[in-house]
Amino acid sequence: MSRGHGIAMLWVLLMAAGMWLAATQVAVHSELADLLPEGTTATQRLLLNQVRSGLAGRLLLLAVEGGAPDELAQASREFSERLRATGHFTLVENGAQDVRFREGDLIFESRYLLSPTIGRDAFSRDSLRRALEQRLDDLRSPLAPLVKATIPADPTGEFFAILSAWSGDDRPEKHRGVWVSKDRSKALLLVETKAAGFDADAQATIHQEIRQIFDSLLAARPPSVHLLMTGAGVFAVEAKQTIEKEVWRLSTAAAALVLLFLFASYRSITLVLLSLIPLTAGVMAGMLAVQGWFGFIHGITLGFGITLLGVVDDYPIHLFSHLSSRGSAPAVMHEIWPTMRIGVLTTAIGFAALLFAGFPALTQLGVFAVIGILTAAAVTRWVLPLFVPDWFLPRPISPAWPSRLEPLTRMKPVIPAVIVLACATLLWSHTPLWEAELAGLSPVSEAKRQLDRQMREELGAPDVRDLLVIEGQTDENVLQYAEAVEVKLKPLRDSGVIGGYDLVTNYLPSRRTQQDRQSHLPEQSVLMHNLDQALKGLPFTPGLFRPFLAAVESARRQPPLERKAFQDTAFEARLASLMFEHRGSWTAVVPLRRIEDRRQFADIVAGWNVAAVTYVDLKQESNGLMRAYRDRTFVIVVCGLLVISIVLAIGLRSFNQLGPILSPILGASAVVAAVVNLSGESLSLFHIATFLLVIGLGLDYALFFNRPEGTEEGRSRTLYGLLVCSTTTMLVFGVLAGSSIPVLHAIGMTAAVGSFCCLLFAGIMAKKGLYASA
Amino acid sequence: MTFGNRLGSVIAGCGFVLVGVAHNASGSAWTVETLIGLIKVQGESSVAFEEATYSSLLTEPIISRGVLRFVPPDKLEKIVTAPSHERYVVEGDRVTFESERRGIKRTVSLDDYPALRSFVEAFRSSLAGDVVQLRNIYEVTMEGTRGRWTLLLRPHESSGKSVVDYILLSGAEGRIATIAIRSPDGDRAVMTLLPGAPR
């Protein structure tokens, strides 16, 4: 067996093994969260994580719409009953329930430790007297039967005070006992899933079930009644579905277009099949590398990576376009390899820069592209020629046509002019140059986001944007800090600086506070004396308050309430999201509502001068994070370009050739930036990262345009090959530009426009004699 | 076909009988409808009341005084002037409660307190002359004569039952004299409407 056959056999074996690995080992994720940055500080990381997996992420907002208010109310009641029965939710609220309990017992038993009203004078004669008179009023009220039972053990009404503090303010209006929007066009429900909001698979199943339940309710109802659903989970599912659908649709469309185009250009199925050899090898190697490095590959990386590796189709095309009756495939390969090698290396260096981006999405892409490109190039160099049949010759290309391109070379002044024009456009454009909002990258449609804002408004469940973060060594530390913070927050709420807050100590006071309250509970004899005095002249049955005396006495010795006590109650999840342990230290987060003036509030918090408490504006935080990554990527791209130039200069052993090779790239970059801006978009992280691709493509074109080519036929083949290469690239990225996912759209648009400009400018900058016929 | 015809005439006959009864009722018979028609208040009206609340927690009843006001079609107001100032205003679906002693003013929806709803409807429907609504919520039994009657209301709804066992109104002609409300645990409140107050 010849050496060639040996390599071919080895190749087939490797491919088979690779396919098996790819099919069995590679895990494809499509949660957007996997691609987002993790934050630069420990606190940021912790926070982002908490926000993604915490309570806010698990809330779903539901609305029943399209009927008379009475019908909607009835639907809401039945709907909530059925939802509760599924067991998927820690909470289903439609306004119809009071705090109903297991929790009731917990609160009642610990009322003297939990109630904020227990202080020094809570059980003085006068306080007791006031409380008892209020109980008489209660007995006269129409609701007497509901409160009567608690009076003997809780004459000071602590139980109901705690309940009202726990049930929160800011609730929607009601109609027939259930929450409705102000105009009564919707019945509103709030559910909290057990599954995390970012767990798109679990969420999708739950949403499916919610819809089924709703449809089954609908059987007896007018068909106009329909369900609206929003929340982080809904976004996650939509993002995932959009990504999966698009990646599949786009990569299929792109692949089909490229294959068709290749066939149309060369009229040879053999060529099309041969060109797949480096591509498949590259994709497989890229996939396995990412899987090995990260443990999973993201759907976007895969989709974009495959599209991006479409670029490596250029390599076999270069080979085929130089094939002629005079040399065998391996010989031709040997001849063009030095030029190709520089192109491959510089492109790979460009993508390697992504490895330093520190942004999971881009790092994955970098690994995928670098490994894929190197593999594809190696396969084109050493394996592909072995598979080219001896008889294979691509369609002859007419040697005369390049001369028609001759006028291009007279257009050299156009390039500086275009660059100036592009820069002017950027300077005077009304569209901001840089994308500032992370939300601009979300694949969730604007209509869905609008609905989300509206329903949150109506339900009084605003998106969590502002937080106070309280850190401490122990849970007790954090609780004590939180209580100190409450003292400061309360006046801010009363004066309207903030709309409200949800503080962990509202549910679980610190041990110190609980003990403090215990210390205010009087001894049995004192309490008995005060009570007797207070009861004078009031018509309560003698001995009625014996349970009260016993309760206070036992509360004096009761161990403080701990977090554990909330296990298996509706408050467990809430408590866990408000306070948690992380690597041995504790953090409490305090969601804040309706801050009118964020700067003012930030100043106020800074004025407290407490190191343990920080104010975080999540939106600003994540946008800032985005900006930081974008700037970093920008620097990386510039550095990449420098390194590429140096490598080029060394590879070509000449600085003079750098001009014609680099100027098309610079021109193309400026034009791309201007075109993106003119189309009303701002440059994001992903546009910038794609400039690397444009640079890689531009290099490839420029190198081959400037390659000394002996014969006229050879020149025409080279040019034809370049046209085919660039057209496939434009096709692929043109398809991507049509994506509704902002990230993919950004990449597609940048690369499609970029590759067109690179080709045009490289053609213009080509050496004089290139197009001339002999 | 013969059978069908006969059935038709039977139904027609029943119809005649029913119409006859209905006609008779609207004439002179002493029925719930007649009574409610008498009670029905045309314009705005107020009446002073004295209420005694008996509870198993208490050795003697609590006495309170005040004014009841009704503004058709659905605004009902109870103003307590002694022993301390309190005010309940029910308007449509909303109940506003004010208490001087507690220094609070709070508005809730009747829907939040189904028990309260049935309670309020007893008064509102009677005063507005809405027999249908009254029968929706209560089983209505009337006894006595036009000159001295009692009207017993027992709630159908289970949630209503948790606060109200029954409501017993008594009076003469179109004037309500007392309203007794008994809760399931035996506690009760007896409200006496004082004659002579402006109507």
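**Here's the deal with the overall build of chain A**
The number of helices and strands found in chain A is 29 helices and 13 strands. Out of the 774 residues belonging to chain A, those deemed buried represent 44%. Considering only residue pairs separated by 6 or more positions, chain A has 82% of its internal contacts joining residues 24 or more positions apart.

**Topic: the overall build of chain B**
A count of helices and strands for chain B gives 5 helices and 11 strands. Taking the contacts inside chain B whose residues are at least 6 apart along the sequence as the reference set, 38% of them involve residues at least 24 apart.

**As for the interface of chain B and chain A**
On the side of chain A, 21 residues touch chain B, which itself brings 25 residues to the contact. Listing elements by their share of the side of chain B that touches chain A, those giving two or more residues are β2 (62-71) and α3 (114-128) of chain B. A total of 3 residues in the side of chain B that touches chain A trace back to one element, the largest contributor, which is α3(B). Among the residues forming the side of chain B that touches chain A, the class breakdown is 9 nonpolar, 8 polar and 8 charged.

**Side note on the environment of A:I317**
All names here are of chain A. Of note, I317 is situated in helix α14 (residues 314-322). For I317, a count of 24 C-beta atoms within 10 Å puts it in the buried group. Sequence separation between I317 and L271 is 46 residues; the distance between their C-alpha atoms is 8.7 Å.

**Regarding the sheet that holds strand β4 (residues 86-91) of chain B**
Taken in spatial order, the 11 strands make up an open sheet running β6-β5-β4-β3-β2-β1-β11-β10-β9-β8-β7 (chain B), and their pairing is antiparallel. Each edge of the sheet is formed by a strand with only one pairing partner; in this case those strands are β6 (104-109) and β7 (138-145) of chain B. Direction aside, neighbouring strands of the sheet carry axes that sit 20 degrees apart on average. The pairing of strand β1 (residues 45-54) of chain B with β2(B) spans 9 bridges and is classified as antiparallel. Opposite B:A48, over in β2(B), you have B:V67 as the bridge partner. Relative to the sheet, helix α7 (residues 125-140) of chain A contacts β1, β2, β4 and β5 (94-99) of chain B, its axis offset from that of β2(B) by approximately 50 degrees. Sitting on the sheet, helix α2 (residues 32-39) of chain B is in contact with β7, β8 (148-155) and β10 (175-182) of chain B, with an inclination near 85 degrees to β7(B).

**Points about the nonpolar core**
A:A187 and A:C758 are the most contacted members of the largest nonpolar core, which has 163 residues in total. No other element matches the 17 residues that helix α29 (residues 742-765) of chain A contributes to this core. Look past the residues within four positions of A:A187 in its chain and what remains in contact with it is A:A63, A:V64, A:L72, A:A73, A:A75, A:S76, A:N94, A:V178, A:W179 and A:V180. One finds B:Y113, B:Y138, B:W149 and B:I176 within the second-largest nonpolar core, a separate group that totals 32 residues.

**Brief notes about the packing of helix α28 (residues 712-737) of chain A against α29(A)**
Residue and element names in this part refer to chain A. Running from N to C, α28 and α29 cross one another at 155 degrees; their axes reach a closest spacing of 7 Å. Viewed along their axes, α28 and α29 adopt a mutual orientation that is roughly antiparallel. You can see that α28 and α29 cross each other, and the crossing is left-handed. The residues of α29 that touch α28, namely those facing L722, S726, T729, M730, F733, G734, V735, L736 and A737, are L744, H745, I747, G748, M749, A751, A752, S755, F756 and L759. Across the contact of α28 with α29, the residue classes break down as 13 nonpolar, 6 polar and no charged.

**Focus on helix α26 (residues 658-678) of chain A**
All names here are of chain A. Relative to the 30 Å expected for 21 residues at 1.5 Å per residue, α26 spans 30 Å between its end C-alpha atoms, a close match to the ideal helical length. For α26, the buried fraction is high: 15 of the 21 residues fall into the buried class. The positive-phi residue at the C-terminal boundary of α26 is G680, with phi of around 85 degrees.

**Some remarks on the packing of helix α17 (residues 414-428) of chain A against α26(A)**
All names here are of chain A. Running from amino to carboxyl end, α17 crosses α26 at an angle of 30 degrees, the nearest separation of the two axes being 9 Å. As α17 packs across α26, the resulting crossing turns out to be left-handed. Residues I415, V418, I419, A422, C423, T425 and L426 of α17 form the contact with α26, whose own contacting residues are S663, L666, G667, A670, V671, A673, A674, N677 and L678.

**Observations regarding the pairing of strand β9 (residues 466-472) of chain A**
Residue and element names in this part refer to chain A. Pairing of β9 with strand β12 (residues 585-595) involves 7 bridges; the strand directions are antiparallel. What sits directly across from I470, in β12, is A588. Here β9 runs beside strand β13 (residues 613-617); their pairing, made up of 5 bridges, is antiparallel. Bridged to I470 within β13 is V613.

**Observations regarding the confidence of the model for chain B**
Residue and element names in this part refer to chain B. When pLDDT is averaged along chain B, the result is 78; 79% of the residues meet or exceed 70. Overall, residues 1-27 carries pLDDT values under 50, and its contacts beyond four positions in sequence, including any with other chains, amount to 2 contacts. Confidence estimates for the predicted assembly give a pTM of 0.68 and an ipTM of 0.79.

**Focus on the pairing of strand β2 (residues 59-65) of chain A**
Residues and elements named next belong to chain A. Within β2, 6 of the 7 residues are buried, which leaves it mostly tucked inside the rest of the structure. Here β2 pairs with strand β6 (residues 186-193) via 7 bridges, running antiparallel. Residue L62 lies in a different strand from β6, and its bridge partner there is L189. Where β2 meets strand β7 (residues 226-231), 6 bridges bridge the pair, whose relative direction is antiparallel. Across the sheet, the residue bridging to L61 is T230, located in β7.

**Examining α28(A)**
Because each turn of an α-helix spans 3.6 residues, side chains separated by three or four positions end up pointing in the same direction. The end-to-end C-alpha distance of α28(A), which contains 26 residues, comes to 37 Å, matching closely the 38 Å that a straight helix rising 1.5 Å per residue would cover. Summarising burial for α28(A): 22 of the 26 residues are buried, a large majority.

**Overview of unusual backbone geometry**
A cis geometry characterises the amide bond from B:A82 onward to B:P83, with omega recorded as 5 degrees. Of note, B:P83 is situated in the loop between β3 (75-82) and β4. Although it is not a glycine, A:R267 adopts a positive phi angle of roughly 50 degrees. Taking the number of C-beta atoms within 10 Å as the measure of exposure, A:R267 has 11 and is therefore exposed.

**Re the environment of A:A331**
Residue and element names in this part refer to chain A. Locating A331 in the fold gives a position in helix α15 (residues 329-352). Taking the number of C-beta atoms within 10 Å as the measure of exposure, A331 has 11 and is therefore exposed. Here the alpha-carbon distance between A331 and P385, two residues 54 residues apart in the chain, equals 8.7 Å.

**Concerning the environment of B:D187**
Tracing the chain through its elements places B:D187 in the loop between β10 and β11 (188-193). Once the C-alpha coordinates of B:D187 and B:D165 are considered, the two residues, 22 residues apart in sequence, prove to be 9.7 Å apart. Not counting the four nearest positions on each side in its chain, B:D187 is found in contact with A:A144, B:Y54, B:S55 and B:S56.

What counts and how
- Residues numbered from 1 in each chain as written.
- Chains lettered and ligands numbered in written order.
- Predicted model: local features only at pLDDT ≥ 70, side-chain atom pairs only at ≥ 80, totals over all residues.
- Helix = DSSP H or I, 4+ residues; strand = E, 2+ residues; numbered from the N terminus.
- Buried ≥ 20, exposed ≤ 12 C-beta atoms within 10 Å, placed from the backbone.
- Contact = placed C-beta atoms within 7 Å.
- Nonpolar A, V, L, I, M, F, W, Y, C, P; charged D, E, K, R; others polar.
- Pairing = 2+ DSSP bridges.
- Axes fitted to C-alpha atoms, helices over the stretch in contact; angles between N-to-C directions.
- Core = buried A, V, L, I, M, F, W, Y, C linked by C-beta atoms within 7 Å.
- Parallel < 35°, antiparallel > 145°, perpendicular 65-115°, else oblique.
- Left-handed = near helix turned anticlockwise from the far one by under 90°.
- Expected span 1.5 Å × (residues − 1).
- pLDDT = per-residue confidence, 0-100.

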